[in-house]
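Structural features, examined
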Amino acid sequence: MNYEPVIGLEVHAQLLTDSKIFCGCSTRFGAEPNANTCPVCIGLPGVLPVLNRKVVEFALRAGLATHCEITRASRLARKNYFYPDLPKGYQISQYELPICEHGYIDIEVSGATKRVRLTRIHMEEDAGKNIHDQHGDSSLVDLNRAGVPLLEIVSEPDLRSADEAVSYLKTLRAIVQFLGVCDGNMEEGSFRCDANVSVRPAGSDRLGTKIEIKNLNSFKAIEKAIAFEIERQSDVLSGGGQLVQETRLWDEHREETRSMRSKESAHDYRYFPDPDLLPLVINADWIAEVRAGLPELPAARKARFMQGYQLPAYEAELLTSRKDIADYFEEAVTAHANAKAVANWIVGDLFRVLKEQKLDEEFYIDRWPVAAERLGELVRLIDQGKISGKIAKTVFAEMLSSGKSPQQIVSDKGLEQVSDRSSIEIEIDRVLAANGKQVEQYKSGNDKIFGYLVGQVMKATGGKANPQTVNNLLRAKLQ
Ligand SMILES: [Zn+2]
């Protein structure tokens, strides 16, 4: 039997606020363990949480950008469970009455647009972090992350493959990045995802048993874990077995999911409204103000790249897949206004290098090997005829290793293109004298030989001759 996967995703996006959701502690990543803590976020008795207004504003931004309805009076709730990294014994989250509901995101799947519905977006606080295997046989707890604000963005089970899931996540990540509410850094855990995966006989409209895969934090892990689960579940069902609702973890080394615990239901958490926090009332003026202040979003920027810079859809899509890349592109184009060529260098050569250096999933554009302005400068040298496209590849490689500017490299290494007719003519005469047989063949009608002779002249000039000049002069000489 053929099985059809049904996938829904829960994304946790860490918000780019300076302070935590219910206290004034810093949210900075990488501080000394437990440095960013206070009685509120570590849950000492008798303290009162105060909701960070910026968190609400960010939630509104995310909700409006994804076509959600905004709940005018939403509520914060306690989600009760016991865990060492959650000293209060409950997490403040939203349950009934989340701040945003019923939105959608359009994604591109093999050339077509697919609409993925959002169930809800709600605000919550993060828990701390347990550290094992570092200190003999004891475990350590770091509460710097406790109380850091998150948006949980929950999709309907509208996704049908691992590819669609990845496309959805990339689109969502671009949106929160463009909104400035989350940096999207998966490596540092500020954009992470749980996947709910089930399979059902193809064509059925009933849902199968839902398995949750927790804490996926790279696109590769997401893709592999979902693909693994689809196959595992299909195998179990084909073999006549039954699936139980459970939570599984992705084991990166063994490339398989394994069972973590049987899945809790909402009633296991005994959710109830947090008595320390008043219902959150959002007035229409605030919504209108946030809506008016929304920045240009990825889809709009893609359309602008296609119209304004005459880029094909494919390139425009890649360049707007992340805000930092889109900004990089526009900065390079500001340095030299040849958008098509700049786009080709980014999508081709630069992306290849980022992949090789494993920088493609990072968000530190300042760690990228070539500054945007320098890339623009490189393209300018080509357009001015100072270097050939081929020499430009050499210059680019040198930019990576030395960090020098393209003009500097061209001057230092004497790579300037030779357009001077007389010196090219000298090389052509030499090549023709040394290739008498080929010249004969060309004259007796073998046109292919022409390319060979051009190649010989280019080689003789170390690739520096202007190819157009070589072509013209050679053709004249052979007549
Ligand atoms: Zn605090």
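Residues numbered from 1 in each chain as written. Predicted model: local features only at pLDDT ≥ 70, side-chain atom pairs only at ≥ 80, totals over all residues. Heavy atoms only, no water.

Another point: the side chain of threonine 469. Looking at the secondary structure, you find threonine 469 in helix α15 (residues 467–477). Residue class for threonine 469 comes out buried when judged on its relative accessible area of 12%. When near neighbours in sequence (up to four residues on either side) are disregarded, threonine 469 contacts Ser419, Arg421 and Ile424. (Helix = DSSP H or I, 4+ residues; strand = E, 2+ residues; numbered from the N terminus. Buried < 20%, exposed > 50% of the residue type's maximum accessible area, 1.4 Å probe, protein only. Contact = heavy atoms within 4.5 Å.)

Let's shift gears to the sheet that holds strand β12 (residues 211–216). Remark on secondary structure: sheet strands pair via backbone hydrogen bonds, oriented parallel or antiparallel. An order of β2-β6-β7-β10-β1-β11-β12-β13-β14 is seen for the nine strands of this open sheet, with the pairing classed as mixed. This sheet does not close on itself; its edge strands, each paired only once, are β2 (69–70) and β14 (256–262). Direction of pairing for β2 relative to strand β6 (residues 100–109): antiparallel, over a ladder of two bridges. Across the sheet, the residue bridging to isoleucine 70 is cysteine 100, located in β6. (Pairing = 2+ DSSP bridges.)

In this section: the coordination of the zinc ion. Here the zinc ion is held by the protein donor atoms Cys23 (SG), Cys25 (SG), Cys38 (SG) and Cys41 (SG), which lie 2.2 to 2.4 Å from it. Here the zinc ion binds four donor atoms, and the angle range of 99 to 114 degrees at the metal identifies the geometry as tetrahedral. Along the chain, the residues donating to the zinc ion are arranged with the sequence spacing C-x1-C-x12-C-x2-C. Take cysteine 23 and cysteine 25: they sit in the same class, and that class is buried. (Donors = N, O, S within 2.8 Å, 3.2 Å for Na, K, Ca; no water. Tetrahedral: all angles 85-135°; square planar, octahedral: opposite > 155°, others 65-115°.)

Turning our eyes to something else, we now look at the pairing of strand β13 (residues 246–251). Most of β13 is tucked away, with five of its six residues classed as buried. Pairing of β12 with β13, which is carried by four bridges, proceeds in the parallel orientation. Residue pairing in the sheet places isoleucine 213 in a bridge with arginine 248 of β13. Of the strand pairs in this sheet, β13 and β14 are connected by six bridges, and their pairing is antiparallel. Paired with glutamate 246 across the strands is serine 262, a residue of β14. In this antiparallel pair of consecutive strands, β13 and β14, the connection spans four residues, and glutamate 255 shows a positive phi of 50 degrees.

Running from amino to carboxyl end, helix α5 (residues 298–308) crosses helix α7 (residues 323–335) at an angle of 25 degrees, the nearest separation of the two axes being 12 Å. One finds that α5 runs roughly parallel with respect to α7. Considering only the axes of α5 and α7, their crossing is left-handed. Residue-level inspection shows Arg301, Arg304 and Phe305 of α5 in contact with α7, the latter providing Lys323, Ala326, Asp327, Phe329 and Glu330. Split into classes, the residues belonging to the contact of α5 with α7 amount to three nonpolar, no polar and five charged. (Axes fitted to C-alpha atoms, helices over the stretch in contact; angles between N-to-C directions. Parallel < 35°, antiparallel > 145°, perpendicular 65-115°, else oblique. Left-handed = near helix turned anticlockwise from the far one by under 90°. Nonpolar A, V, L, I, M, F, W, Y, C, P; charged D, E, K, R; others polar.)

Here we come to the packing of helix α8 (residues 339–356) against helix α10 (residues 389–402). Direction vectors running N to C along α8 and α10 enclose 40 degrees, while the axes themselves pass 12 Å from each other. For the element pair α8 / α10, the angle class is oblique. Considering how the two elements wind past one another, α8 and α10 form a crossing that is right-handed. Contacts between α8 and α10 involve Trp345, Asp349, Leu350 and Val353 from the former and Ala392, Lys393, Phe396 and Leu400 from the latter. Along the lines of polarity and charge, the residues of the contact of α8 with α10 split into six nonpolar, no polar and two charged.

Our next topic: the pairing of strand β4 (residues 77–80). With burial as the criterion, each face of β4 is covered, one bearing Ala77 and Lys79 and the other bearing Arg78 and Asn80. Relative to strand β5 (residues 90–93), β4 is paired through four bridges, and the arrangement is antiparallel. Bridging across to β5, arginine 78 finds its partner in isoleucine 92. As defined by bridge partners, β4 adjoins strand β15 (residues 272–273) across two bridges and the pair is classed as antiparallel. Bridging across to β15, arginine 78 finds its partner in phenylalanine 272.

So, about the environment of alanine 146. Counting through the fold element by element, alanine 146 comes out in the loop between β9 (138–142) and β10 (149–155). With a relative accessible area of 4%, alanine 146 lands in the buried category. When the C-alpha positions of alanine 146 and arginine 117 are compared, they lie 30 Å apart, and in sequence the two are 29 residues distant. Apart from residues lying up to four places away in sequence, alanine 146 is in contact with Lys20, Cys41, Asp126, Ala127 and Gly128.

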